[in-house]
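Architecture and fold: a report
In case you want the letters, here they are:
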Amino acid sequence: MGRNVCIIGGGMSLWGVRQATARDLYQEAGKACFDDVPGLSNKDVDGLLVGSAFTERSNFQTHLAPLVAEYLGIKPKNICCRVELLCASGSSGIILAYGLIKSGLADVILVTGGEKLYTPQRWEVFYSELGTGDHDFDGAQGLGLPPPFFSMVAQKHMKEYGTTEEQLSMVSVKNRRNGARNPKAQFQKEITLEDALNAPPIVRPLKLFDCCPVTDGAAAVIIASEERAREYTDKPLVYIKGTGQASVNNASANMPSMTTWEALKIASQEAYRKAGVKPSDIDVAQTHDCFTISEIIEYEDLGFCEKGEGGLFVEEGRSDFGGDVPVNTDGGLLSCGHPFGGTGIRQAIEILRQLRGDAFKQVEGARTGLTHNLSGLTAAHTVLIYGRDV
Amino acid sequence: MGFEKFGQVSFTSQTRAAEFVDYLEKGEVRATKCNECGRVFFPPRADCSWCMSSNVEWLEIKGQGKIDSFTKVNYAPTGFEKDVPYILTLADFDGIKVFGRMNKEISEDNVKVGMAVKVAPLTLSEGKITYEFLPA
């Protein structure tokens, strides 16, 4: 059914609070991406997808894709548009590129994503956040920032399954340790369990290191048909094997459950089915650790462990190097930061490197990898599975 | 028009569900109920999202609900800075889930998961109106 589709290269700008415009960041990411595939030039790209959520308010730039095309020296002829699904805008772009290439509508697509936040005013981000849930009803009452919502999720998970604050902190200690090796991460410094447990509270029980930061940054990948991929690179090919993207509710009040993410289960089951793999086949995963509790629930609903055992999963080191499935090996959102549209692309780059065998720290022999984004107040979930085998 | 009165900060004036505010002003918090398939929606909506029927009626959310979860907000979004702290609450009224704030006079120590609450309109300054939870 259709052609095989590969991810053949990727690169990121430096992520953090940057003195740079959005176009600077896309250019930095695009250059890093082309540098990763010396056999391919910007002239070979026939499509462009740009994932960005806050571009209109914070970057004040609509019609973003043609601008990015111009700055990257790309002349797209099969697709040239922006994709938006908030925190999953980037991985949505990869799914669409996959479909376009698989069906023969395009051959080589650059998928990029990123955000420039804190402009034109710093408060703009926290104003726009209100528009990410149910703006007219919940937003009008000041309900909409992620930390209070995820604190409710954490409290419920702790109550239902006995998950502890120490286990939450262990996620950030692990991810900060991984991020310390990543030269593009916003935070490249390890923290101790004591640092995490004694950090200032944000919304009980979430503390400073339980929460990802506000980040400027961009990332880019090249998606190509297998045939074209072989023309451009001699490195091991990494295939996109399966995808899923699901939503079962928008308003957080209408979630079937706060601690079992139905849409994540649906999206991951779709991705596993299409890829012909099961959770135990995943060698390495990048999951959406916007908050430490998110990663714990993701272990469970992705099927890496039983429901309610996510806390124990991190405590026993099963999501660390040497464990069942190392998770967020590049530092995740907690270390790298979270420029919404860039995150899914950043995850894809780390999986590409892990499967290709040239990661900062390698999961030995990894052949199958997974990325997961949640978006909104868990209103949608996006899962992609990549592999060295078709 | 009319919906600009809703909430601490209003983001829209024009909605087909603007009657929601008229009911708040009469002292009632209402959801919409589909007369074809019977499904109830909150926040209210002009058409049924399940069977697409436009034959919907306004149904008052009354009686006791139970707190499903809550959290104390210390950092507010832009425009709401003066409101903090407030207690964000999700309550369940026989299957109708309502997201809102707890009455300002209730301290965090007195809020418990499973606690009985009612939902009632709250008149704000400058002609604005919203709803809030109160212990039942």
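Just above sits the structure.
Reference entry: report on the structure contained in this document. These figures come from a predicted structure and were not determined experimentally. (Residues numbered from 1 in each chain as written. Chains lettered and ligands numbered in written order. Predicted model: local features only at pLDDT ≥ 70, side-chain atom pairs only at ≥ 80, totals over all residues. Heavy atoms only, no water.)

Here the focus is the pairing of strand β7 (residues 217-225) of chain A. Residue and element names in this part refer to chain A. Along β7, 9 of the 9 residues are buried, which leaves the element largely enclosed by surrounding structure. Here 8 bridges tie strand β4 (residues 108-115) to β7, and the two strands are oriented antiparallel to one another. Paired with V108 across the bridge in β7 is A224. (Buried < 20%, exposed > 50% of the residue type's maximum accessible area, 1.4 Å probe, protein only. Helix = DSSP H or I, 4+ residues; strand = E, 2+ residues; numbered from the N terminus. Pairing = 2+ DSSP bridges.)

With that settled, consider empty space enclosed by the protein. Counted under the stated rule, the structure contains 4 cavities of 30 Å³ or more. In terms of lining, the largest cavity is formed by 13 residues, of which the most central are G133(A), D134(A), D138(A), S252(A) and L377(A). (1 Å grid on protein atoms, 1.4 Å probe; cavity = no way out; pocket = protein on both sides within 12 Å on 5 of 7 lines; lining within 4 Å. Points joined across faces, edges and corners; volume = space filled by probe spheres on them.)

Residue and element names in this part refer to chain A. Read from one edge of the open sheet, 9 strands run β3-β2-β4-β7-β1-β8-β11-β10-β9, paired in mixed fashion. Here the strands that pair on one side only, and so sit at the sheet edges, are β3 (79-83) and β9 (284-286). Taken pair by pair, the neighbouring strands of this sheet meet at an average axis angle of 25°, ignoring direction. One ladder, built from 3 bridges, connects β9 with strand β10 (residues 368-375); its direction is parallel. In the sheet register, V284 faces β10, and the bridge partner there is G369. (Axes fitted to C-alpha atoms, helices over the stretch in contact; angles between N-to-C directions.)

Considering the arrangement of structural elements, one finds K97(B) in strand β6 (residues 96-102). As a buried residue without a salt bridge, K97(B) has its nearest oppositely charged side chain in D92(B), at a separation of 4.9 Å. Ignoring any residue separated from it by four or fewer positions in sequence, one finds K97(B) in contact with A253(A), M255(A), P256(A), F42(B), L90(B), A91(B) and D92(B). (Lys, Arg positive; Asp, Glu negative; His and termini not counted. Salt bridge = Lys/Arg side-chain N within 4 Å of Asp/Glu carboxyl O. Contact = heavy atoms within 4.5 Å.)

This part is about the nonpolar core. Membership of the largest hydrophobic core comes to 87 residues, with the highest contact counts inside it found for F150(A), F304(A) and F20(B). Judged by nonpolar contacts, the second largest core, of 34 residues, contains M12(A), I101(A), V238(A) and A366(A). (Core = buried A, V, L, I, M, F, W, Y, C linked by side-chain atoms within 4.5 Å.)

All names here are of chain B. On the basis of which strands lie adjacent, the open sheet formed by 3 strands has the order β2-β1-β3 and antiparallel pairing. Of all the strands in the sheet, the pair left with one neighbour each is β2 (40-41) and β3 (56-60). Across 2 bridges, the pairing between strand β1 (residues 30-34) and β2 is antiparallel. If you follow T32 over to β2, its bridge partner there is F41.

Residues and elements named next belong to chain B. Taking burial as the measure, the 5 residues of β1 include 4 buried ones, the bulk of the element. Where β1 meets β3, 5 bridges bridge the pair, whose relative direction is antiparallel. In the sheet register, R30 faces β3, and the bridge partner there is E60. The turn linking β1 back onto β2 is made up of 5 residues, and G38 within it adopts a positive phi angle of 85°.

Another point: the pattern of salt bridges. All names here are of chain A. In total, this model carries 30 salt bridges over all chains according to the counting rule given. The salt bridge partner of K207 is E165, with a shortest N-O separation of 2.5 Å. Note that K207 is positioned in strand β6 (residues 206-207) and E165 in helix α6 (residues 165-179), a separation of 42 residues in sequence. A salt bridge links D281 to K278; the shortest N-O distance between them is 3.6 Å. Look at D281 and you get partly exposed, because its relative accessible area is 27%. A relative accessible area of 48% places K278 in the partly exposed class. Through salt bridges with shared partners, a single network forms among R3, D107, R228 and E231.

The subject of this paragraph is the packing of aromatic side chains. For the structure on display, the rule yields 18 aromatic pairs over all chains. Plain terms: the ring middles of W123(A) and Y127(A) are 6.1 Å apart, the flat faces sit at 90° to each other, and that makes the pair edge-to-face. The class for Y127(A) is partly exposed, based on a relative accessible area of 27%. With 5.7 Å between their ring centres and 50° between their planes, F137(A) and F6(B) make a pair best called tilted. Separated into two different chains, F137(A) in the loop between α4 (124-128) and α5 (146-161) and F6(B) in the segment before α1 (19-25) make up a pair that spans both. (Phe/Tyr/Trp six-rings, centres within 6.5 Å; stacked < 30°, edge-to-face > 60°.)

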